[in-house]
Every structure is written in structure tokens, then in C-alpha cells.
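Results of the structural survey
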Amino acid sequence: MQLELAVLCLLLLQRGAQSFGILPGKSLNHLEITKQAILNATVQTCRSLALAEGTNFNFPTQPFTVEGVTTACNAKHSSRTFKEAITFIQLKNAQVDIRYALDGSFHFDNEMLVQGKRIITEGLTAVKASNTQGNYEAARQMLGKILHPLQDFYSHSNWVELGNEFPNSNLIRADASIGNIAEKSRATCRSCVDDDCRNNILEDIIAEKTLTSGYFDIAILTSTKPPGKCSHGGVVDQTSRIEPKGGINKDSLTSSHGHLHTTAANMAVAATSQLLEDVQKAAGDKLFLEMMGIFKGSSKALCFVIDTSKSMSDNIETVKTVASSIIDSDAGTDRKPSWYNLVPFSDPGFGPVLKTSDSTVFKDTINSLTTTGGGDNPEQSLSGLQLALTAAPFKSEIFVFTDAPAKDKNLKSTVIALIERTQTVVNFMITDSSLTNRRRRRDEQQSRMIAADDAQLYRDLAQASGGLAIEVTKAELPTAASIIKQSTSGSEVTLLQAARNPGKSDTFTFTVDETVTSVRVYIIGLSVTFTLKSPTGTSQQSTDSSGSLIKTSQSAGNFRTLELQTQVGGWEIKMVSTNPYTLKVTGQSSIDFMFEFVAPSSGPFSGFDVLETRPRAGLNSSLFVSLSGSDSASLTEVALVELSGSEEVKGVLVPQDDGNYLVQVDRIPTVEFVLRVTGILPSSSNVFQRQSPTNFRASNLTMTAHSNSIIVPGTPFSVPFFVMSSGAGGNLTIRVTNNRLFDSTFPSTLWLESGNSTNGTVTLSAPLNTPSGTDVVLTIEAETPGATDINYIVLRFSVVNPGADFTPPVCQRLSLQSKCPENCSQSMWELSVRVTDGADGTGVERVSLYRGTGTLNTSLQAGNENITLVSYTSSCCSPEVDLLVVDRVGNVGHCLFNGNEVSTRLAQSSFLCLSLLAVGLHLLVELSFR
């Protein structure tokens, strides 16, 4: 066995596997372990895809970085989305220590080994199901959640102390035993001697390879543990003061078993890599990379929400033309959008959502749209937009085409909540069919007032998202739609965003750095003039068509767009108007940022929990800011800037690792605000500046809600939530919506006393026929009397149908013809295999070539679709083949054939070796493992 494993490792090295290495003297945390495992898995997947496509692959230099990996993967435009995916998974991992601090099953504490494994295997099923549906946000959320207990197993159990050299692969297999677990009545530890815990695990436990883990409790007076059991250990753990005293955790170099910290951390990296490869094999190379935010073309998504009522017939033809133009011009280039979403709406219907990465499918669906109905004028525009916001990738841009007011105005606050949580930009293309011409109204003045109110709803939503509400005639729509082409052409960043309502003269500044190209100015408003001043002091007025600063200019309806001559440095634009206006300046650049509001932990462990609500108004707060697009750029300032004024709140930056910053501000503005970051580019004194397009609000209400992340169809699913007020109390209005329109029950009102809290429960019911992998986005809103304040919480859940299929497909060799002479290049060998998933299985989803250079063909057996027939032909110079077989729920198996015999031990060992090789990547963070 050892010889076979050594040979396999050599083969993997020849295939390009990279080694991990940990610098001595460094304690490692979940964030870094997760990041390095993801980088390694992504490199291996990109290499696999390159081999399948017949292209070259050059490994990035070590240590692996986001920029290096995206370059190696030929996905340079994906550095932002890849960094965002990693950061999101890391934060969901760290969140477990905050939200499940005392739940031993999430940490393999208290000998809850079976329970901990169940969390991993059930979550892994949800990850695979979400990927099959393209619901990557849900997949990443669950992935981060289950990686935490997986990694804790090696620090909190005695797996390392038992002398194991490889990860416990059964942790990710629902059909296998985790191992021999100590009975509750069996002693496992003795007290440490003079704080030396190296030999506190009993000899019989070690000799018999019996699994145990430390007990943990923070209660000073009531902590207890079964007699003779090990403790977790450490200052916080009160059980470590009960005989037997001490602990066995390996969270850091200074922990009770800190001498084994590096070994445990290495094992955690290998185990994480093992789980990630299992996900990758189940999904396939392309889907796995998309889950990680890696795309070969542009990282942007093209999202349309289209009114299909009768009056939109001319507009839809324009939309078809625009979509076809974008798709045709970007085909085969790195500007091609990575994802396409389409949501039609009318009245009473809206949806369904089309989600595809296939531009032909998107184009054909757009071209097949027809108009009908919509006789009562208002349409379900916000319902369609809500659906798009829950389906589109994080930080997307959505374009809504309509000529009618919203019939579902009650969803305005829900849509704003989703905009804030997803940081999605929403642009409205409003034509004049009904918002400005209502001939059926008797009172013409009343008609204009109503039309203005209807249009204002769209303006408010556009402004909240950092988008544009463009109001044009049907004839002007093609000109207005040209901004879609501009915004999907690359990595768009926001340099400036401001609004003035009521309008007034004001001067704004923005900075163009050396990485920015294609600088564009967007102005929404009527009777607005401006004066531009470049970094060199040259000026040009809006009425001057012959100036040197404006390259091109377009106008239609209430909007104007300018493309500027790019000059590095500080720009100034003076706006003059008494009418409300919006100003936005964008450019194309690889350098951008993402952020989340976070709250400090109130539990036993230090850390920050990501807020899924609005932050508290007027109080100090914290943000987690992550810089993307450069491995060496740095931030110098983060500020919260009032949208309609000039006041700003600057934060104190605490640098973390990998371009991340913890930012502390002494107060959150009580009015709408945006986030602005300023920094220095690498090897340059040039300053860069970016803004969040999304506008944010604070609240005096605080909302929390926690629930299991998996919904089982046909089983009521409860979500308890809590509301607390730091301002006035009263009878709160509660609104609850979900993107799947599942039946739900909840209290419509809750009484809340000022300074106190109240609680309620939402109960969802997913129909029995709901497919596994469906993601459910639940929005719970609380509004004070008179609508003076509102807060929300947005939660995402995965639907998983329970099933008993935990075994991978199996292979049966039908024939093997191999008579290879000494000169292997002169002959071929042939293999025939039957692949089945068993009588109770879900069926074979995919058979592919994992290793081998021959030709593979598959077909379904006549009369039995549950049997896949495989034929393989190869040169005698390549005598081995490894078939990857995957069933419909993501169970993964390998079938190895070599000459006249099947090797199963090699298949079981292949990933194990790769996982251990992964430990060689450098982990450089000096933080605690926990």
C-alpha cells in the first residue's frame, strides 16, 4: 500500500500537483486554511479544464494568490468575483464561531462526532444540489458553514494524536463510519502535569485507535463533563478546571496540544481540499469554477427584466435588437458576459427566471418573447424585479424595461432591502406609453400628478441602487439602451455617485487613476448644465461641443452620457440646476472593493458577525472591507459619505491579511450614504478612489434571525426572529416575502416597547415537488408606526429532498482487449464497461475521463436508462484509465482499469495523496486556528 501511494504521489507530481508548506512559528486560522485550500482546488480545476480543452496551463508562482490564480486560469477579469467568493466563504466559515459558539456539533466538541459529521454530509449534499441549479450564492454559503466543523475535527478531536497521517475521508461520506468512538462511560484523559498536556490522553485510547474530543463549556458555576473525559482546554473553557484537568485542542501553537497545531492545520488544509475536490467532481470543472467566481470572459452578468404587456410590443423589438447586438459583438471575446438572467412580467403574471451562461439560449429566449394582456395599465414590475434580485449574482446590474406604473408598490421596501443586501445596480428604461400619456383619465392635471408619482417610484429604486431611471420616448429608447453595452463591456467601477433633491448648484470631485479607462459621466435630470475641469486645469462647459475634455456625448429624454478623454488625476464637475438630478461617474478598472457591515461578537469568542440587516443609526459600527484586483494595492481611507450632502464619517482602518481591512466608525449617518475608499497603487504614488454604487440606510430597529439552512419539502420550516428598538416603540407592521412564493405564516403586527425586544416566527412550507438545489430568499421586514423607521433581515436557504442514495455508481467490466507488444506505439487496447447506480440509486448523471489519453464514448443501454455503457480506446503507450462516475445527487466514484485488472485501492488513495500535497502551499497568517 505504501509503495502504491508513493508511486501515485509521483504521478500526481508529474501531472503538476503543487506542494504546500507552512512556515514554522505561525498559528493558522480558519480563514487562511480555507483560502489556501480554495486556491489549490481552483488551480487544479483550471489545469484539468485546460487539459480537456487541449490548451497549455502554466502554474502560478507560490504562494498562490488570487491574482496569480486568475491569470493562470486565463480569467483575468474574474479577480474581483473570485476574491468576493473566497471572502464570502471565509466569512460564513468564521460566522460559525459566533452563531454556534456553544453548539458542540459544529466544533466536534463534547464527543459529538456523529452529529458533527451529519452537519458536514447534509451540507455537502446541499452544496452539490445548489450547484446543479446554478444557485452559487447558496452553495458558497453552505460551503463556508460546513468547512468550519470539518477543520475543527482535526484540532478538537484526537485524530492527530492517534497517529493518523491522512485526513478522515469518511467525514464527507454519508454511507461510511467516522470510526470507533469512545463510549460515554469510558475515560479518555488524565489531568495534565504542571500545564504539560502532551501525554494526557490515556494509553488504551491511543492503542485501540478510539476517537474522542474535548468537552467545552463557559458556565463558571454549572460546567460539568462525564467522569474521566478530556476537556477542550483554554482560559474560556470551564470544564478544563474539572478533573481530569487540562485540554487537548490544537487551535494555536499555545493551546493545550499546541505542539501538534501545525500537524492539525496541515491535515485541515488537506481535508478541505478533499471536500472541495469532491464538490468539483460532482459539479464538473466549469460549474465548480463558476461557483468560485471564475469565468473565462467578463465577470459581469447581463440581467433583463422586461414588461411583456401589449403596449410594450415596439419596445420589446428594441430590447431584442440591443440584446442581439451585445451578444454578437462580444461573442468569442473576453467581454462576453459570464451569466444571463431574464425575468418577464405583465399582469397578473411574472417570471419564471431564465438563468443561463449560454448566450444562444438567452438570445433565443429574448427573441421568442411576445406581448399580451396588461389591459388595466399597471403591471407586476416590482414582483419581476424582486425575482431578478434574488436570482442575479452578487453586485450585478439589472435593466428593467417598462412603460407602465407598478401595480405592486407594496414591495418597494422589500426591493430596497434586496438591493442593499446584494449591492445590485438597477436601471429603469421607462418609455412614455402610460407614465406620461393617460388618455383615459378625465382630469388631465390629476393624470400628470399620478404619472409623476409612478415614475418617482422607479427613480427612488434606481437611486437606492446607484442606477439610472431613464425616461424616454419609444423612438429614443435605442439611444438610451446603448448604456447597456457600455456597462457590460468590462470591469466597471464607480468613481463618484451623488444626488441632489431638490436640485441645487454644487461642485463634485472624482479621481482617475492610472488603471482606469473609458471614463463616463451619467447625468439624470431636466435642465441641468455643468462645467468640467480636468487635472490640468482645462475647463469645458456642457454647452461647448468643441471642447477637448469630452470625447463623445449622447442625450435622450432626461439623461445625458459623456465619455471623457482619460486624464490621470483629480477632476471637478460643477452642476447647476434647480431640478432634482443624479450624477454618476464610472470607469473600467480591475481594482475595486467589497464590504459588509459587521457586528462584534457578544459570545465567548472574539470576532465579527456579518449583518444581514441595516446597521444601527447614530452609533459606532464596524465594516469588513476587502480590496480586489491587486495583490499589493493598499487602502488609506474609508468614509461613509452622505448621498445628498457633503458630510462624511471617516473610519479607523485596522489592516488584516490579503487586502482585507476591519474599519471602525464612530457613528453611522442617519441619512442615506455611500461608502468611499481611497488608496495607493503598487509601485506608484498615484491615488485611487472608488465608491459603492448602492446607497445605504441605518435604522433604530435591530433585527436578528437564525434557523437551519436546509428546507425539506413537505415539512414546515420555522424561522424565529427578534426585533429590538432603541427609539420609539409601538405596534410594528411585519411583512414577509419569499422569492419562491411558498406558503408562509407570520404575525402581521408585533407590539414593541421602546428599549425592549419582541419576537415572532415565520413558518414556510415548500411543496413536495420542489427540486433539490432550489434556493429560497426570505425577507422579513419590521416597520414602526407611521412608517418612520424600517429594518429588515434577508436570509437564504437551500431546499434538499431527503433521500437514501449515499453510494456512488459502480463499474462492471464487460470486456478488455489488450495485446500490447513491446513497441507500444504500434497497438491499441480497448475496454467496455457497464456503469450502474444500483436498484435504489438516483441514476448515473455523468461518466467522464479523469485520467487517460484515449477516446471515451458513452451511451444509454437500450430499454434501461439507468445503465450507461462505456467504451474506451487508447494507445498501448497509455495503459491506465481512471473513469469518473457521478450520480444525480452528486455521489462521486472512480473506476480504474489497467491491463487485465481493476485497482480499487489506487482510486481510494488518489485524492488523499493530492490533498496531502496541497499542504505544501504557504500559510502566512499569525492568528489562532479557532
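Because the structure is predicted, anything quoted here is derived from the model rather than measured. (Residues numbered from 1 in each chain as written. Predicted model: local features only at pLDDT ≥ 70, side-chain atom pairs only at ≥ 80, totals over all residues. Heavy atoms only, no water.)

Some words on the side chain of Thr210
Secondary-structure assignment places Thr210 in the loop between helix H7 (203-207) and helix H8 (261-283). Setting aside anything within four residues of it in sequence, one finds Thr210 in contact with Asn158, Leu162, Asn180, Ile181, Ala182, Arg186 and Ile205. (Helix = DSSP H or I, 4+ residues; strand = E, 2+ residues; numbered from the N terminus. Contact = heavy atoms within 4.5 Å.)

Side note on the sheet that holds strand S33 (residues 790-799)
The strand order S26-S33-S32-S28-S30 describes an open sheet built from five strands, whose pairing is mixed. Edge strands, defined here as strands with exactly one partner in the open sheet, are strand S26 (710-711) and strand S30 (749-752). For strand S32 (residues 775-783) and S33, the ladder comprises nine bridges, and the chain directions are antiparallel. Bridging from a neighbouring strand, Glu781 pairs with Tyr792 of S33. (Pairing = 2+ DSSP bridges.)

Concerning the environment of Pro615
By the element assignment, Pro615 lies in the loop between strand S17 (608-610) and strand S18 (621-628). For Pro615 and Leu883, which are 268 residues apart along the polypeptide, the C-alpha to C-alpha distance reads 51 Å. Discounting residues that sit within four places of it in the chain, Pro615 has contacts with Phe597, Ser621, Ile668, Arg697, Ala698 and Ser699.

A look at the state of the cysteines
Under the criterion given, the structure shown has six disulfides. Paired through a disulfide, Cys824 and Cys877 show a sulfur-sulfur distance of 2.0 Å. Judged by the torsion about the S-S bond (90°), the Cys824/Cys877 disulfide is right-handed. Of this pair, Cys824 sits in the loop between strand S34 (810-817) and strand S35 (828-836) while Cys877 sits in the loop between strand S38 (864-875) and strand S39 (880-887), placing them 53 residues apart in sequence. (Disulfide = S-S within 2.5 Å.)

Considering the packing of aromatic side chains
Within the structure shown, the criterion is met by 20 aromatic pairs. Each ring, one from Phe717 and one from Phe797, has its centre 4.9 Å from the other, and the planes form 70°; the classification is edge-to-face. Remark: Phe797 occurs in strand S33 and Phe717 occurs in strand S27 (residues 717-725); sequence separation between them is 80 residues. Residue class for Phe797 comes out buried when judged on its relative accessible area of 3%. Ring-pair connections join several aromatic residues into one group, and the members of that group are Phe304, Tyr340, Phe362, Phe399 and Phe401. For the cation-ring pair, Lys281 lies above Tyr850, with the distance from its terminal atom to the ring centre recorded as 4.8 Å. (Phe/Tyr/Trp six-rings, centres within 6.5 Å; stacked < 30°, edge-to-face > 60°. Buried < 20%, exposed > 50% of the residue type's maximum accessible area, 1.4 Å probe, protein only. Lys NZ or Arg CZ within 6 Å of the ring centre and 35° of its normal.)

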